Each structure stands twice: as C-alpha cells, then as structure tokens.
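Spelled out, the chains give:
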Amino acid sequence: MRIPTEPIGSIPRPVGLIEAIAEAGDYADPKLNGLYEEAIQDTIQEFEATGSPVITDGEQRKYHNFWTYGVHGLPNTAPDGFKIPFSAGHVRRMPRLTAGPFRYRVYADRYLDAAQRYARRPLKQAVISPSALSLMYPAEDIADYSRQEFIDDLLREHEREIRRCFEKGAEKVQIDFTEGRLAVKLDPTGDLLNSFIGLNNLALSRFSGEERQRIGVHTCPGGDRDSTHSADVDYADLLPSLFELRAGNFYVALAGEKDRTGVLKIIRQYMKPEQRVFVGVVSPIDPHVDTAEEVRDRVLEAAEYIPLEQLGTTDDCGFAPFSDDMSTTRKTAFAKIRARVEGTQLAEEVLGKRR
C-alpha cells in the first residue's frame, strides 16, 4: 500500500532574488540569470531533502505569477484586464487582449529545461487553465478577431504547452484552476462555472485516456499574502461540477477548510472511479508549521471517505503563486512539505496495520 503525495508548485523566491529584480526593474534582465539559476538549484535540493517523491522547481522563474506567466509582455495586450480581489484588500490584475491572434509568449516546458539540470526525482509541471486565460478576452468583441477565433487559438496553445511538457519528461502536468471557486463567487447562478468546465473539457478531450491519467486539476480559494479570493464560497457549489472534468487527478485544498468532514462527504459523493483525489493536508497561508502527526490525522480522516486506491495528499496551494509574495519564508514552506511527506508515511503505517 502506498498513498502518493505531490506538491502543488510554487516556493517563495529568495529575498535576494526578489530585491534584485526590483532593482533591475525587469524580471527578464539577463544580469539576473545567475540568481535565477542559484534559486532553482537550491529549491530543488531543498525539495529533494524533504523526501517528496515528486518535486517542482518552485516556479522560481515564473514571473510574475502562476496565472499570466505565459502571456506577460505580449504586445497585443493592455494592463487593465480582469481584477482578482483578495481578502487582505489588495488586487491582482490580468492583461487584457487588444488584438488577435492569441499566442503564448512562454510555454511552461522552458522551466523543465532548467530544473532537469539538477533534479534527481520526477518533476511535476503546473500550467494555467484555458478558463483562466479566457478572461483576457474583453466583454466587447475585438475587431477582426472573434471570441470563437480566440477560443480556438487558446485551446491549441494550451494543448501545445501540455504536450511540450510531456515531451520534456514531466511526470505529471497540473492544470491550475483556482478560478473555479472564484467563478461561483462572481456568478452564483453557476453559468460562469459551467462555461469554465465546458471549456476545460474541450481542452482535456484532446488527450487520450492514458494521457489524462497523468494530468491533474488543482482547485483552491486562492493564496496570496496569507489571504484568499474565494474561501467564503461553499465547496458544495463547486465540487459536483469539478469532478465532471475529464482529468485523472484532482488536487483539492482541504487543510484550510473549517468543515473538512463536510467537504470529504461531497468528494465521496461526486468523485468518479477513475479519478484520484489528492487532499490538501497543509495550508500554505497558515503560519503554523504542521507536525507529521497532525498531517497523519488528516490523512486518516480522509481515508474514512475516499478509497485508498484513489487517495493522495498534497499542499492546499502553492506557497507563493505570485512571485513577489514574501509572507511565507522558504524555511516554513519546506518544513510544511516535510510534514506532508512524513505525515503521509505515518498514515500509511497505521492503515497498513488495519488491513
């Protein structure tokens, strides 16, 4: 018996790197390459030291964030796009598409190139969902570039990104779908969420069943500067639709939920036999450093509702999805990851004795 455990993605960047980028005024300044390389190497070494069987590069070069890394700096965009308000009072903003065609500027497989120089364990690569990037298209149609043309380009670019990641050797590809819960907040009727699910399924349908077993979907209420954008939305309004996505793996933030048992009951009701659910057992925005025993108990709780052959563990969210977030230290992030790994192992031992 083995319960798989995986990270979500981001690790806080070294303070020196963040300060150097601010001083340079350009995250792409070639003079920063050495600092990026050091950050990637150190992150992978620290990640592997936690015992995590699957690791990431900590998204050290994913500037400015997990959401717009692939389109930041496109010449056919404006900065006044979709707003993402957080409970701490600040707002993050997406670029707005001003003209066609839509193309990625950066594909996530470029991050694997650097990580593979140092990694000795399987690498997971996170990519942004089509539904998140669909918010770049403005409410008013763009002249000579219809919304349908945009969607066609978007789906093609998303598929290309995932295939490039697999070709580079990614063990898993995780689609970040944090806007799922936010969609319910923005539109309680569920129409926006349903459109997101439909769009993402169009993308997933481009992959074979075997490929989809290596593709996962991550959902959480957001995480930035120790705050969220949609934690007030009931999971009951999201999860039934979430499990309609044609992915093999689901990474569901759970540790930070007030009613974990209630969420687990919903998961049990709606998950499908071919799906594995990785439940969050540590919360990145909670400053408390979890113990392995606390994680063990959360895993055992989840095992009461999710069949062991469909259960996995993860972190609730990335530890710094937005690159300038210094609310959590690297030391704390790796301590929580170590607790996740060790706590999952402790739970395996308990469950093995019960069998």
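Right above here is the structure, for reference.
Everything numeric here is computed off the predicted structure, so don't read it as measured data.

Reading guide: rules and limits
- Residues numbered from 1 in each chain as written.
- Predicted model: local features only at pLDDT ≥ 70, side-chain atom pairs only at ≥ 80, totals over all residues.
- Heavy atoms only, no water.
- Pairing = 2+ DSSP bridges.
- Helix = DSSP H or I, 4+ residues; strand = E, 2+ residues; numbered from the N terminus.
- Axes fitted to C-alpha atoms, helices over the stretch in contact; angles between N-to-C directions.
- Contact = heavy atoms within 4.5 Å.
- 1 Å grid on protein atoms, 1.4 Å probe; cavity = no way out; pocket = protein on both sides within 12 Å on 5 of 7 lines; lining within 4 Å.
- Points joined across faces, edges and corners; volume = space filled by probe spheres on them.
- Nonpolar A, V, L, I, M, F, W, Y, C, P; charged D, E, K, R; others polar.
- Core = buried A, V, L, I, M, F, W, Y, C linked by side-chain atoms within 4.5 Å.
- Buried < 20%, exposed > 50% of the residue type's maximum accessible area, 1.4 Å probe, protein only.
- Parallel < 35°, antiparallel > 145°, perpendicular 65-115°, else oblique.
- Left-handed = near helix turned anticlockwise from the far one by under 90°.
- Polar contact = N/O pair within 3.5 Å; in protein donor to acceptor, adjacent residues only side chain to side chain.
- Salt bridge = Lys/Arg side-chain N within 4 Å of Asp/Glu carboxyl O.
- Expected span 1.5 Å × (residues − 1).
- Arc of directions from axis to C-beta.

> Tell me about the sheet that holds strand 7 (residues 215-219), and please be specific about residues and values.
Taken in spatial order, the six strands of this open sheet run 5-6-7-8-9-10, and their pairing is parallel. Among the strands making up the open sheet, the edge pair consists of strand 5 (124-128) and strand 10 (311-315). Here the average twist between neighbouring strands, direction ignored, is 30°. Across the face of the sheet, helix 11 (residues 292-303) comes into contact with strand 9 (276-282) and strand 10 while running at roughly 150° to strand 9.

> So what's going on with empty space enclosed by the protein? Which residues, and what values?
Where empty space is left in the structure can be found by rolling a water-sized probe over the atoms. Across all of its chains, the model carries three cavities of 30 Å³ or more by this definition. Its volume calculated, the largest cavity comes out at about 140 Å³. Lining the largest cavity are 20 residues, with Phe66, His218, Cys317, Gly318 and Pro321 sitting closest to its centre. Residues that form the lining of the largest cavity fall into these classes: nine nonpolar, nine polar and two charged. The residue makeup of the lining of the second largest cavity, split by class, is five nonpolar, four polar and four charged.

> Any details on the nonpolar core? Residues and values, ideally.
Residues Phe102, Leu133, Leu239, Ile267 and Val279 are the most contacted members of the largest nonpolar core, which totals 95 residues. Apart from residues lying up to four places away in sequence, Leu239 is in contact with Val252, Val263, Ile266 and Ile267. Within the second largest apolar cluster, nine residues are counted, among which are Leu32, Tyr36, Ala39 and Tyr63.

> Residues and numbers for the packing of helix 11 against helix 12 (residues 330-354), please.
Interhelical geometry of helix 11 versus helix 12 gives an angle of 50° and a closest axis separation of 7 Å. Accordingly, the angle class assigned to the pair helix 11 and helix 12 is oblique. The handedness of the crossing between helix 11 and helix 12 comes out as right-handed. Where helix 11 abuts helix 12, its residues Ala292, Glu293, Val295, Arg296, Val299, Leu300 and Ala303 lie against Ala339, Arg340, Glu342, Gly343, Thr344, Leu346, Ala347, Val350, Leu351 and Arg354.

> Go over unusual backbone geometry with me, naming the residues and quoting the values.
A cis geometry characterises the amide bond from Gly100 onward to Pro101, with omega recorded as 0°. A positive phi angle, near 65°, is found at Asp144, a position not held by glycine. Positive phi, normally seen in glycine, also occurs at Arg225, with a value near 55°. Relative to the helices and strands, Arg225 is located in the loop between strand 7 and helix 9 (239-242).

> Please give an account of the environment of Pro130 that cites residues and values.
In this structure, Pro130 sits in helix 4 (residues 130-133). Between the C-alpha atom of Pro130 and that of Gly100, which follows or precedes it by 30 residues, the distance is 16 Å. Residues within four places of Pro130 in sequence aside, it is in contact with Leu154, Leu155, His158, Leu199, Asn200 and Ala203.

> Just give me the short version of the side chain of Arg330, but keep the residues and values in it.
In this fold, Arg330 is placed in helix 12. For Arg330, a relative accessible area of 15% puts it in the buried group. There is a polar contact of 3.0 Å between the side chain of Arg330 and the side chain of Thr43.

> Give me the lowdown on the pattern of salt bridges, citing residues and values where you can.
Counting across every chain of the model gives 27 salt bridges. Here Arg330 ties to Asp42 by a salt bridge, and the two come within 2.8 Å at their closest N and O atoms. Taken together, the residues Arg330 in helix 12 and Asp42 in helix 2 (residues 33-49) connect sequence positions 288 residues apart. Between Asp224 and Arg92 there is a salt bridge whose closest N-O contact spans 2.8 Å. Of this pair, Asp224 sits in the loop between strand 7 and helix 9 while Arg92 is found in strand 3 (residues 91-93), placing the two residues 132 residues apart along the sequence. Overall, the relative accessible area of 0% leaves Asp224 in the buried class. Its relative accessible area of 14% is what places Arg92 among the buried residues. Through salt bridges with shared partners, a single ionic network connects Arg92, Asp224, Arg225 and Asp324.

> I'd like a description of helix 11, backed by residues and values.
Taking 1.5 Å of rise per residue, twelve residues should cover 16 Å, and helix 11 covers 16 Å from first to last C-alpha, within 8% of that figure. Within the sequence span of helix 11, burial applies to Ala292, Val295, Arg298, Val299, Leu300, Glu301 and Ala302. For helix 11, the secondary structure elements touched by its buried residues are helix 10 (260-270), strand 9, strand 10 and helix 12.

> Any chance you could break down the environment of Asp325 for me, citing the residues and the numbers?
Relative to the helices and strands, Asp325 resides in the loop between strand 10 and helix 12. Judged by relative accessible area, Asp325 falls into the buried class, the value being 4%. Residues Asp325 and Asn200, 125 residues apart in the sequence, show an inter-C-alpha distance of 28 Å. Contacts of Asp325, omitting those with residues within four sequence positions, involve Asp224, Arg225, Phe319 and Ala320. At a separation of 2.9 Å, a polar atom in the side chain of Asp325 contacts the main-chain amide nitrogen of Arg225.

> Explain helix 2 residue by residue, including any values.
Over its 17 residues, helix 2 runs 24 Å from end to end, which matches the ideal 24 Å to within 8%, given 1.5 Å per residue. Within helix 2 the residues assigned to the buried category are Tyr36, Ala39, Ile40, Thr43, Ile44, Phe47 and Glu48. Down the axis, helix 2 shows its buried residues gathered within 155° of arc, on one side only. In helix 2, those exposed residues whose orientation departs by more than 90 degrees from the buried face are Glu38 and Ala49. Residues of helix 2 that are buried in the fold lie against helix 1 (15-24), helix 3 (109-115) and helix 12.

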